[in-house]
Amino acid sequence: MILRSVVKHVRDQNWFAVGIDFLIVVVGVFIGIQVSNWNDEAGRLAKEQAYLALVHEELMLLSRSGEKLQEYYSTVTEAGERALVYLEGDTECRTACEGLLIDFFHASQLWAINLDRTAFEEAVKLGFPTDNALREELFTTYDLTESFGLLNQESPPFRAAVRGYLNPDAARILWAGCWEVDVEGINETLKRDCESGLVGIDTASMLRDMKADRGLKQMLRFWIGQNIIAMENYPVLIGRTKKTADMVMLKIVSSS
């Protein structure tokens, strides 16, 4: 339609009308480009918000993992300290030793969690977030979580040594009632529900053999020290991931 109008006006030498037609074409092209740019920007913004929502959820999961680990290793450390008191003392346990054997069992536990960063890495590949300050914060936080993921990843010598003193009957009872794993929730729990089941087991002889092992005290001290380091640092992980998650959510809300 515009082309026909331009041809007619040229034939009629109506240059003012030709100018109007040209202006209409230019304005139309400009508007079309702007609409396309707006659509692209809206699509990019929607995509960035979707990925930031995934990153937010990942950060909250990391924070919850830190809380689980803090609780878990608090139990491990407390049990280890009670076991160490027995190893360093002069008195052997002769009766009602079930609780102390559970302490040694719990003190030998190791729960290694891989702290996920999949959502963050996918977002970065796509250039998100576009906010430089938030991007820098995320890199710092995820670098921190990666270093925390290295805590307590390797099985300590104490773990193998203690379990070498557990007879099969005791091991079955301990694993069945004093330890639990939730596969779906990816969670381990240390319990003391197996104590009554150990009453018929000669727990005193196993503890006596452990006490006679001169190297066991040193192994346990080392393992307690490792857990103390972890316990000091998990609150930092929890606080940092929560703070960064709040920043991500603020960005999502402000961009909506």
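Rules used throughout
- Residues numbered from 1 in each chain as written.
- Predicted model: local features only at pLDDT ≥ 70, side-chain atom pairs only at ≥ 80, totals over all residues.
- Heavy atoms only, no water.
- Axes fitted to C-alpha atoms, helices over the stretch in contact; angles between N-to-C directions.
- Helix = DSSP H or I, 4+ residues; strand = E, 2+ residues; numbered from the N terminus.
- Parallel < 35°, antiparallel > 145°, perpendicular 65-115°, else oblique.
- Left-handed = near helix turned anticlockwise from the far one by under 90°.
- Contact = heavy atoms within 4.5 Å.
- Nonpolar A, V, L, I, M, F, W, Y, C, P; charged D, E, K, R; others polar.
- Disulfide = S-S within 2.5 Å.
- Buried < 20%, exposed > 50% of the residue type's maximum accessible area, 1.4 Å probe, protein only.
- Arc of directions from axis to C-beta.
- Polar contact = N/O pair within 3.5 Å; in protein donor to acceptor, adjacent residues only side chain to side chain.

*Asks:* Got a minute to help me understand the packing of helix 3 (residues 98-107) against helix 8 (residues 203-212) in this structure?
*Replies:* The relative placement of two packed helices is expressed as an angle between their axes plus a distance between the axes. Running from amino to carboxyl end, helix 3 crosses helix 8 at an angle of 50°, the nearest separation of the two axes being 9 Å. Judged by the inter-axis angle, helix 3 sits oblique to helix 8. Read as a crossing pair, helix 3 and helix 8 show a hand that is left-handed. Contacts between helix 3 and helix 8 involve Glu 98, Leu 100, Leu 101 and Phe 104 on the former and, on the latter, Thr 203, Met 206, Leu 207 and Met 210. Among the residues forming the contact of helix 3 with helix 8, the class breakdown is six nonpolar, one polar and one charged.

*Asks:* Explanation requested: the state of the cysteines in the structure shown.
*Replies:* Defined simply, a disulfide is a covalent bond joining two cysteines at their sulfur atoms. Taken as a whole and judged by the stated rule, the model has two disulfides. Disulfide pairing places Cys 93 opposite Cys 97 at an S-S distance of 2.1 Å. Across the S-S bond linking Cys 93 and Cys 97, the dihedral sits near -115°, which makes this disulfide left-handed. According to the relative accessible area criterion, Cys 93 is buried, its value standing at 14%. Residue classification places Cys 97 among the buried residues on the basis of a relative accessible area of 1%. With a sulfur-sulfur separation of 1.9 Å, Cys 178 is cross-linked through a disulfide to Cys 194. Its S-S torsion of about -100° marks the bond between Cys 178 and Cys 194 as left-handed, since a negative value means left-handed. Of the two residues, Cys 178 is situated in the loop between helix 7 (168-177) and strand 1 (179-182) and Cys 194 in the loop between strand 2 (187-190) and helix 8; the sequence distance between them amounts to 16 residues. Exposure class is identical for Cys 178 and Cys 194. Each is buried.

*Asks:* Whenever I open this one, helix 7 confuses me. Can you help?
*Replies:* Three- or four-residue spacings in an α-helix give side chains the same orientation, since the helix completes a turn every 3.6 residues. Looking only at helix 7, the buried set comprises Ala 170, Ala 171, Leu 174 and Gly 177. Along the axis of helix 7, the buried residues cluster in a sector spanning 165°; they form a single face. Facing away from the buried side of helix 7 by more than 90 degrees, the exposed set consists of Pro 168, Arg 172 and Ala 176. Tucked inside the fold, the buried residues of helix 7 contact helix 3, strand 1 and helix 8. Measuring from the side-chain oxygen of the N-cap residue of helix 7 to the backbone nitrogen of Asp 169 gives 3.1 Å; that N-cap residue is Asn 167.

Keep in mind these numbers describe shape, not what the thing actually does.
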